[in-house]
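# Structural features, examined
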Amino acid sequence: MESIEAEKPLSRQNTCGSLLQQLQQIWDEVGESDEERDKILLQLDQECLDVYKRKVDLAVKSRAHLLQTLADARVELTNLLSAFGEKTYVGIPERTSGTIKEQLEAIAPALEKLWEQKDEKIKEFSDVQSQIQKISAEISGTSDQVDNLTVDESDLSLKKLDEFHAQLQDLQKEKSDRLHKVLEFVSTVHDLCAVLGMDFFTTVTEVHPSLNDATGVQSKSISNDTLAGLAKTVLALKEDKKQRLQKLQELATQLIDLWNLMDTPHEERSLFDHVTCNISASVDEVTIPGALALDLIEQAEVEVERLDQLKASRMKEIAFKRQSELEEIFAHAHVEIDSEAAREKILSLIDSGNVEPTELLADMDSQILKAKEEAFSRKEILDKVEKWMSACEEESWLEDYNRDENRYNASRGAHLNLKRAEKARILVNKIPALVDSLVAKTRAWEQDRGITFTYDGVPLLAMLDEYAMLRQDREEEKKRMRDQKKFHEQFSKDQEAFGATPSPARPLSTKKVVGPRANGGANGSSGRRLSLNSHQNGSRSINRDGKRDTRPVAPVNYVAMSKEDAASHISGTDTLPATP
């Protein structure tokens, strides 16, 4: 401490003046000349000036550097605030007074904090932009070609960051939507491959390798090419499914037709239930795995081919079965056909081989369809013919019942016959209206179709006309019998008046109108067939051409009689004597 204190007076004493004084003392002792002294003093002044000048230059440079540093700091501060989108900062002094160093010291803390914020913002921007870049690359399908990320440091504002976040959200939503679509497509491909019996993994990885189940959901490709490839694959699979279903339904229809044609047992049909179960299904309804596999379709094709070959060998049996169906339809409709000639024609066609079996069966099916239409058009008229025939049968029974002398006896079943007679009289009274209606409908049918309505080969209008004439003959016969009865009653009275004995009475014969006879089927019910009974003496018959035969025929009475006519007829036949 003492040495330091000793040096301080010494340093205070070593000033320029003291040194100069010391130098002059030395010069005096030495005896330097004035010129030499002036030269040395001039040299000392120059050296002092140079030292001051260097110091000033250094000071100027230092000041200029500080000013530049201050200016750069202010520019950096302004740029950071601009990049952050802010106008002011809390840590920046509002006034710029004080020395340069004071100003630098005032700005430095705020600048340091802004630099730290800048680094944080750059990292935040980098994270957001990297996610945007990654998702954009996934969508475009260039995830393996990602460029180096560059953050624009000139705009690190919250507004810009919000824009990047909004863009990222949109891309994330688009990625989610695309991923959902991809998964839907993959699920659809899986279902279609299952129905078609195809390998799902091979099919889906042909579109993109990342679509197999081993890859995570977030790692699956969502690019435009992948979506387009999946859509194309689904469309191709759906078209394939549609074509296969159409093919399978055609085969199923052929199988059912062949089974029905050859009466295939249910056990054999059940072997192909997996084929026929989809015969009327739509494309979307077929979801069972393997339902449209190629081996299943090939199996159905083989079975159809086998049944086709079997059908060719049983063609005659099948054709005759169709012919029997056709004959049955015509028989129920009371239309006569030449069955023997039709069967001979079928045999000749099959034996000649000039017609395909399918064409022959199709033609016969067409005939059956036309026959059913014909039968349907005749049904209303045939129903009325059936009612007419039933009424005629009841009329015939009523005739026989009225001629029975013991009909009122208390025999077993007499009350049932009495009830039937009452119902028969009501039914017989409806015959004229029924015949008129039948004639009108038959004529309308013939006018509409331009052909004659025949019943078992006989024109129905001719039959009805014959029935009307016979009914008129019956009315005339009844009138003649009543006149004859009156004559005999008067003759008997005259005989009794003169005392003569009347001759024994003999019954008068009656006539029946031609009516239906039991002979063949009618409408598949009672099996009646209408016959004109042309072998009876005194009637007119109708041939199949509709022309009247004038040979005498005895008509059978089918004309309805009232209770009074029946009673008078019975009394006349019981008591009236024969004429001499």
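Residues numbered from 1 in each chain as written. Predicted model: local features only at pLDDT ≥ 70, side-chain atom pairs only at ≥ 80, totals over all residues. Heavy atoms only, no water.

## Some remarks on the nonpolar core
Core analysis: the biggest nonpolar cluster contains 68 residues, and Val-182, Val-186, Leu-255, Val-275, Val-286 and Leu-292 have the highest contact counts within it. Counting only elements with at least two residues in this core, the list comes to helix H3 (34-84), helix H4 (100-140), helix H5 (158-196), helix H6 (200-205), helix H7 (224-262), helix H10 (294-313), helix H11 (315-332) and helix H13 (357-403). Considering every element that reaches this core, the biggest residue donor is H7, with 13 residues. One finds Val-428, Leu-434, Trp-445 and Tyr-455 within the second-largest nonpolar core, a separate group that totals 27 residues. (Core = buried A, V, L, I, M, F, W, Y, C linked by side-chain atoms within 4.5 Å. Buried < 20%, exposed > 50% of the residue type's maximum accessible area, 1.4 Å probe, protein only. Helix = DSSP H or I, 4+ residues; strand = E, 2+ residues; numbered from the N terminus.)

## Description of the confidence of the model for the chain
This prediction gives the chain a mean pLDDT of 77; 80% of its residues lie at or above 70. Contacts of residues 1-12 to residues separated by more than four positions or lying in other chains number zero contacts, the stretch itself having pLDDT below 50. In this model residues 516-580 is a low-confidence stretch, pLDDT under 50, and it forms 187 contacts with partners more than four residues away in sequence or in other chains. (pLDDT = per-residue confidence, 0-100. Contact = heavy atoms within 4.5 Å.)

## Considerations on helix H15 (residues 431-449)
Here H15 spans 27 Å end to end across 19 residues, near enough to the 27 Å set by a 1.5 Å rise per residue. Buried within H15 we find Ile-431, Leu-434, Val-435, Leu-438, Val-439, Thr-442, Trp-445 and Glu-446. Along the axis of H15, the buried residues cluster in a sector spanning 135 degrees; they form a single face. Of the exposed residues in H15, those oriented more than 90 degrees away from the buried face are Ala-433, Asp-436, Arg-443, Gln-447 and Asp-448. Residues of H15 that are buried in the fold lie against H13, helix H14 (414-429) and helix H16 (460-497). (Expected span 1.5 Å × (residues − 1). Arc of directions from axis to C-beta.)

## Details of the packing of H3 against H4
Put simply, H3 and H4 touch, their axes get as near as 9 Å, and they point 35 degrees apart. Our pair here, H3 against H4, has a crossing hand that is left-handed. Along the contact surface, H3 presents Arg-63, Leu-66, Leu-67, Thr-69, Leu-70, Ala-73, Arg-74, Glu-76, Leu-77, Leu-80, Leu-81 and Phe-84, while H4 presents Ile-100, Lys-101, Gln-103, Leu-104, Ile-107, Leu-111, Leu-114, Trp-115, Gln-117, Lys-118 and Lys-121. Looking at side-chain class alone, the contact of H3 with H4 contains 14 nonpolar, three polar and six charged residues. (Axes fitted to C-alpha atoms, helices over the stretch in contact; angles between N-to-C directions. Left-handed = near helix turned anticlockwise from the far one by under 90°. Nonpolar A, V, L, I, M, F, W, Y, C, P; charged D, E, K, R; others polar.)

## Considerations on the pattern of salt bridges
Taken as a whole, this structure holds 19 salt bridges when the rule is applied. The salt bridge partner of Lys-379 is Asp-383, with a shortest N-O separation of 3.1 Å. Note that Lys-379 and Asp-383 are positioned in helix H13 at a spacing of four residues, about one turn of the helix. Judged by its relative accessible area of 31%, Asp-383 falls in the partly exposed class. (Salt bridge = Lys/Arg side-chain N within 4 Å of Asp/Glu carboxyl O.)

## As for the environment of Ala-375
Summarising the element assignment, Ala-375 is placed in helix H13. Ala-375 sits 41 residues away from His-334 along the chain, and the two C-alpha atoms are 8.7 Å apart. If sequence neighbours within four positions are ignored, Ala-375 has contacts with Ile-329 and Ala-333.

## Re the side chain of Lys-121
Among the secondary structure elements, Lys-121 is positioned in helix H4. Comment: no salt bridge for buried Lys-121; closest opposite-charge side chain is Glu-124, at 5.7 Å. Those residues within four positions of Lys-121 in sequence are excluded, and the remaining contacts are Phe-84, Leu-156 and Leu-158. (Lys, Arg positive; Asp, Glu negative; His and termini not counted.)

## With respect to a negative patch on the surface
Side chains of Glu-32, Asp-34, Glu-35, Glu-36 and Asp-38 sit close together on the surface and give a patch of like negative charge. Its location among the elements puts Glu-32 in the loop between helix H2 (16-30) and H3. (Patch = residues over 30% accessible without salt bridge, like charges linked within 9 Å, V, L, I, M, F, W, Y side chains within 5 Å. Areas by Shrake-Rupley, 256 points an atom, 1.4 Å probe, with all protein chains shown as cover. Charge placed at Lys NZ, Arg CZ, Asp CG, Glu CD.)

## Thoughts on the environment of Leu-149
Along the chain, the position of Leu-149 falls in the loop between H4 and H5. Since its relative accessible area comes to 31%, Leu-149 is described here as partly exposed. Leu-149 sits 16 residues away from Gln-133 along the chain, and the two C-alpha atoms are 8.2 Å apart. Among all residues touching Leu-149, those that are not within four sequence positions of it are Ser-126, Gln-129, Ser-130 and Gln-133.

## Comments concerning the packing of aromatic side chains
Under the definition given, this model contains seven aromatic pairs. With a centroid separation of 6.3 Å and an interplanar angle of 50 degrees, the aromatic rings of Trp-259 and Phe-272 are classed as tilted. Here Trp-259 is found in helix H7, whereas its partner Phe-272 is found in the loop between helix H8 (266-270) and helix H9 (273-276), with 13 residues between them in sequence. Here the basic side chain of Arg-378 rests over the ring of Phe-453, its NZ or CZ set 4.0 Å away from the ring centre. When the ring centre of Trp-397 is taken as origin, the NZ or CZ atom of Arg-420, which lies over that ring, is 4.2 Å away. (Phe/Tyr/Trp six-rings, centres within 6.5 Å; stacked < 30°, edge-to-face > 60°. Lys NZ or Arg CZ within 6 Å of the ring centre and 35° of its normal.)

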